[in-house]
Amino acid sequence: MRRPPALEPGARVALVAPAGPLRGEEELRRAEENARALGWEPVPGNYVLAHHGYLAGTDDERLADLNAAARDPSIDGIWCVRGGYGAMRLLDEVDYEALARAPKTLIGYSDITALHAAVSVRAELVTFHGPTARQALTAFSRDSLAAALDGGDAFPAAPGVRTLVPGVACGPLVGGNLALLAALCGTSYAPRYDGAILVVEDVGEAVYRVDRMLVQLRLAGALDRCAGIVFGQFTERPEPADGRTLDEVLEEIARQLDVPCIAGAPVGHIDDQWTIPLGAVAELDADATSLRLAEDATSGR
């Protein structure tokens, strides 16, 4: 796994919408302001404001912006403006060869999990599960993002992180949005879970659906190959009065797998979030509820 070159001051960063649409020009302006605040020059895609139902433009339009950024030697990074749905529809036509030839920083989360997984498998490139460009960045999220892109400590201590299964594990970071990981299961774009530390989050999913998706991954053999698990936040979930709790479901799967596991990490659809350099090697200390990059954080699998 290769880490893309660092985004230096003045780096040209493409703003693209490979999944759901922006709600208007004000969100694009915020994305541009966020890029400038980090010292970068924002370069909006031609179709970044397009709208095609629940998609940010047609598949051809969204793919055109993504591949144009991948192929343009003057572009240093690709910052997805939002998640939503639609990235999976593009995976067969993404120019992975261009990204492999000239690695670029790819940033985003939620539905962008599909791109993270595919780029990892096809281009063997470290990508960054972090805030989308349209977000109002908190100091916590901005500092974690900057540290992750620079290879530093992107995982500051956060309240509410708890141990589910004690122990220490080391391996490449994989994961992202649980629904996308379940949807990719069985495809050629599924992440490589062998010896990995799996990081998962989701939003708007009832506990039984979280249960079902975790069981799907376990039955597919993906979770059995993991070295450790970091459960992030599962926000905006409906809670049936007679249902099981999320903690019960997460602890059950962690005990079944018997690997070091923490829950409540600041990953997901929240204001203060860690940026995860997917593909980089990290050490999970579940006893200390800590995650840190290994010394050789981009060694191969």
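Residues numbered from 1 in each chain as written. Predicted model: local features only at pLDDT ≥ 70, side-chain atom pairs only at ≥ 80, totals over all residues. Heavy atoms only, no water.

Time to look at unusual backbone geometry. Although it is not a glycine, aspartate 258 sits at a positive phi angle of roughly 55 degrees. Tracing the chain through its elements places aspartate 258 in the loop between α8 (246-257) and β10 (261-263). In this structure, threonine 289 is a non-glycine residue whose phi angle is positive, near 50 degrees. For threonine 289, the location among the structural elements is in the loop between β12 (281-285) and β13 (290-293). By relative accessible area, which is 26% here, threonine 289 ends up partly exposed. (Helix = DSSP H or I, 4+ residues; strand = E, 2+ residues; numbered from the N terminus. Buried < 20%, exposed > 50% of the residue type's maximum accessible area, 1.4 Å probe, protein only.)

Bringing the packing of aromatic side chains into the picture now. In total, this model carries five aromatic pairs according to the counting rule given. Arranged with centres 5.3 Å apart and planes meeting at 70 degrees, the rings of phenylalanine 155 and tryptophan 274 form a pair that is edge-to-face. Of this pair, phenylalanine 155 sits in the loop between α5 (139-149) and β6 (162-165) while tryptophan 274 is found in the loop between β10 and β11 (276-278), placing the two residues 119 residues apart along the sequence. Each member of the pair, phenylalanine 155 as well as tryptophan 274, is classed as buried. (Phe/Tyr/Trp six-rings, centres within 6.5 Å; stacked < 30°, edge-to-face > 60°.)

On to the nonpolar core, then. Nonpolar side chains in soluble globular proteins generally cluster together in the buried interior. In this structure, Trp40, Trp79 and Leu173 are the most contacted members of the largest nonpolar core, which totals 43 residues. Listing elements by their share of this core, those giving two or more residues are β1 (12-16), α1 (25-37), α5, β8 (197-203), β11, β12 and β13. In terms of residue count, the dominant contributor to this core is α5 (four residues). Judged by nonpolar contacts, the second largest core, of 30 residues, contains Val165, Tyr193, Leu198 and Cys226. (Core = buried A, V, L, I, M, F, W, Y, C linked by side-chain atoms within 4.5 Å.)

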